[in-house]
Amino acid sequence: MPSTSPKFTVALLDSKIHDRAAFSCGEPSLDDYLKRRASQDLKRRLAVTYVLAPCDEPARVAGYFTLSAYAVLASELPEELAACLPRHDRFPTTLIGRLARDGAYRGDRLGELLLLEALTRALENSDRVASFAVVVDALNDQAAAFYQRYGFLPFADDARRLYLPMATVKTLLS
């Protein structure tokens, strides 16, 4: 399993510790989510937010990602994948709902670090709550290309909606 770089730590969002107001990734919807909704979603058990913070500035949010349980309809899956699965209407997955890094860290590969941390947690959780894949809904083509570099595959009906089978996650992380 990958571990975070020695200069960063990953933890659950704690509104008493983490300075959400200073976070700015350049995408208003992702900034707003962290600042206004992440804590509420955590309390309601809708999504869990993890933050990446520099070890020497533990209050600073360098990046974050969210995870939640999700299900995809069998009809949404590519035919070649659906053919390998049992006949069910829906399949359990893990959703990376949001993933963003602060603009101050552009070029530091924190997006990759955040994604690997999210995949690690998704894989670990799949041993407790079944999940056959990780799903993302990329905000734009650039984000979709980022996920595709790690093996994510597009759903048949939407090139920005991607999945990565948990078996591939396991291989990627080993």
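Being a predicted model, the structure only gives us computed values, none of them experimental. (Residues numbered from 1 in each chain as written. Predicted model: local features only at pLDDT ≥ 70, side-chain atom pairs only at ≥ 80, totals over all residues. Heavy atoms only, no water.)

(A) Just the pattern of salt bridges, in detail. Applying the stated criterion across every chain, the model contains six salt bridges. Put simply, Arg60 and Glu57 hold a salt bridge, and the shortest N to O gap is 3.9 Å. On the basis of relative accessible area, Glu57 is assigned to the partly exposed category, the value being 37%. A salt bridge links Arg121 to Glu117; the shortest N-O distance between them is 2.7 Å. Placement of both Arg121 and Glu117 in helix H3 (residues 110-126) is noted, with a separation of four residues, approximately one turn of the helix. On the basis of relative accessible area, Arg121 is assigned to the buried category, the value being 18%. On the basis of relative accessibility, which here comes to 7%, the residue Glu117 falls in the buried class. (Salt bridge = Lys/Arg side-chain N within 4 Å of Asp/Glu carboxyl O. Buried < 20%, exposed > 50% of the residue type's maximum accessible area, 1.4 Å probe, protein only. Helix = DSSP H or I, 4+ residues; strand = E, 2+ residues; numbered from the N terminus.)

(B) Focus on the sheet that holds strand E1 (residues 8-12). Taking strand neighbours across the sheet as the criterion, the seven strands line up as E1-E2-E3-E4-E5-E7-E6 in an open arrangement whose pairing is mixed. Every other strand in the sheet has two partners, leaving E1 and strand E6 (153-155) as the edge strands with one partner each. Ignoring strand direction, the axes of neighbouring strands in this sheet form an average angle of 35 degrees. Across five bridges, strand E2 (residues 48-54) lies against strand E3 (residues 63-73) in antiparallel orientation. Looking at the pairing, Val51 lines up with Tyr64 of E3. Along the sheet face, helix H1 (residues 28-43) touches E2, E3 and strand E4 (90-101) and points at about 130 degrees away from the line of E4. Set on the sheet, helix H5 (residues 166-173) makes contact with E4, strand E5 (133-137) and strand E7 (158-165); between it and E7 the angle comes to about 70 degrees. (Pairing = 2+ DSSP bridges. Axes fitted to C-alpha atoms, helices over the stretch in contact; angles between N-to-C directions. Contact = heavy atoms within 4.5 Å.)

(C) Quick peek at H5. The set of residues buried in H5 consists of Met166, Val169 and Leu173. Around the axis of H5, the buried residues are gathered within 50 degrees of arc, so they sit on the same side. Relative to its buried face, H5 has exposed residues pointing more than 90 degrees away, namely Ala167 and Thr171. On its buried side, H5 packs onto E4, H3, E5 and E7. (Arc of directions from axis to C-beta.)

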